[in-house]
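Topology and contacts: notes
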Amino acid sequence: MIEFVAVEKWYGDYHALQVVSGRVEAGEVVVVCGPSGSGKSTLIRTINRLEPIQGGTIRIQGHDIHAPQQDINELRAGIGFVFQQFNLFPHLSARENVMLSPMKVAGMSRKDAAELADALLTKVGLAHKIDAMPTNLSGGQQQRVAIARALAQRPPLILFDEPTSALDPEMVGEVLAVMKQLAGEGMTMMVVTHEMGFAREVADRIWFMDAGQILEEAVPEAFFTAPRHPRAQKFLADILQPRSGAPVA
C-alpha cells in the first residue's frame, strides 16, 4: 500500500529524514514511535505531500506520489488524515464537517452526503452529537468527528498524526477505541503515537525512529520484550518504567 525508498528530507541544514525505507502492506496497522523530534510526524506528512521530500521515492499502490504529474488534490482525496489538533471547521456542525469533502471533492449530493455523515458519526459513537457545533464537543468527541471526516472519502488508508496527544487523559480511550475498531475491520493505518498500550495491542508492526531514521522494525511482542537497538531499549525503559524517585501507583 505504501512504500518508502531511501527518502530524504531537509529543513535547511537540518536532516529530518535520512534514507528512510519501509513498506506498509494493505490491511496492516503500522505504529511509528520514537522520541520527540525523531522525524515521525515529518515522515507521515510526506505521504500526502504536506511535506515535500528532497530525495528518494514514496509510492502508494505502486504510484510515485511525488512525481511531477501527480495531482495533489486527487492524491489527498484518497488518503484519510487525522491531525493532532482536530482541524474541524468551527462554523460547521459535526454533520456538516463530515459532509464537506464528499460534496466538494466527490460531487456527492447534499442528501447523500448527509446520510453518509450520519452513518459515519454513528459508527464513531456520536449519533447523539450529529448537529452539535465543535465548540460544544469535548476534545475526544471532536477527534472522533475528525475520524468520521477522514472516512467520508472511503479511503484505502488512514494516517494518524499523534491523534490523542492534544486530549485530556480521560478522553484518550474513546478515540483509541474507534481506531481499534477500524483496525479490526481491516483498514490500512499508519499511526504516529506515544500510546504504547495501543501499539502493543493493535499494531501489526512497529517502526522505531530516532534522528530521522528507522532504527528498528519489529512485531509488537518482539519490540516490547526484546528490543534490539540500544536507542529503542532506552526509549522503552524511559516510558514504561517509573522514573527514579517517582511514586509508584
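Note that this is a predicted model, so its numbers are computed, not measured.

Right, let's talk about the nonpolar core for a bit. In terms of nonpolar packing, the biggest core is built from 54 residues, with Ile147, Phe160, Met179, Met189 and Phe223 touching the most fellow members. Considering every element that reaches this core, the biggest residue donor is helix α6 (residues 169–184), with eight residues. Not counting chain neighbours up to four residues away, the residues in contact with Phe223 comprise Cys33, Ile206, Phe208, Glu216, Ala218, Ala232 and Leu236. By size, the runner-up hydrophobic cluster in this structure holds 25 residues, among which are Leu17, Val32, Ile53 and Leu157.

Although it is not a glycine, Ala6 sits at a positive phi angle of roughly 50°. On the secondary structure map, Ala6 appears in strand β1 (residues 2–11). Look at Phe86: it is not a glycine, yet its phi comes out positive at around 70°. By relative accessible area, Phe86 is classed as buried at 10%.

With that out of the way, let us pick up the sheet that holds strand β6 (residues 79–82). Strands sit in the order β6-β7-β8-β3-β9-β10 across an open sheet of six strands; the sheet is mixed. Taken across any chain shown, the strands that pair with only one partner, and hence form the sheet edges, are β6 and β10 (213–218). Across the sheet, the mean angle from the axis of one strand to that of its neighbour is 20°, orientation sign disregarded. Pairing of strand β3 (residues 29–33) with strand β8 (residues 188–192) involves four bridges; the strand directions are parallel. Each bridged residue has a counterpart across the sheet, and for Val32 the counterpart in β8 is Val192. Helix α5 (residues 139–151) rests against β6 and β7 (157–161) of the sheet, and its axis sits at about 170° to β6.

On to the sheet that holds strand β2 (residues 14–24), then. Strand pairing in a sheet takes place through backbone hydrogen bonds and is either antiparallel or parallel in direction. The sheet built from four strands is open, its strands ordered β2-β1-β4-β5 with antiparallel pairing. Each having just a single partner strand, β2 and β5 (63–64) make up the two edges of the open sheet. Two strands pair when backbone bridges link them, and β1 and β2 are joined in this way by seven bridges, in the antiparallel orientation. The partner of Tyr11 across the bridge, within β2, is Tyr14.

Conventions adopted
- Residues numbered from 1 in each chain as written.
- Predicted model: local features only at pLDDT ≥ 70, side-chain atom pairs only at ≥ 80, totals over all residues.
- Heavy atoms only, no water.
- Core = buried A, V, L, I, M, F, W, Y, C linked by side-chain atoms within 4.5 Å.
- Buried < 20%, exposed > 50% of the residue type's maximum accessible area, 1.4 Å probe, protein only.
- Helix = DSSP H or I, 4+ residues; strand = E, 2+ residues; numbered from the N terminus.
- Contact = heavy atoms within 4.5 Å.
- Pairing = 2+ DSSP bridges.
- Axes fitted to C-alpha atoms, helices over the stretch in contact; angles between N-to-C directions.

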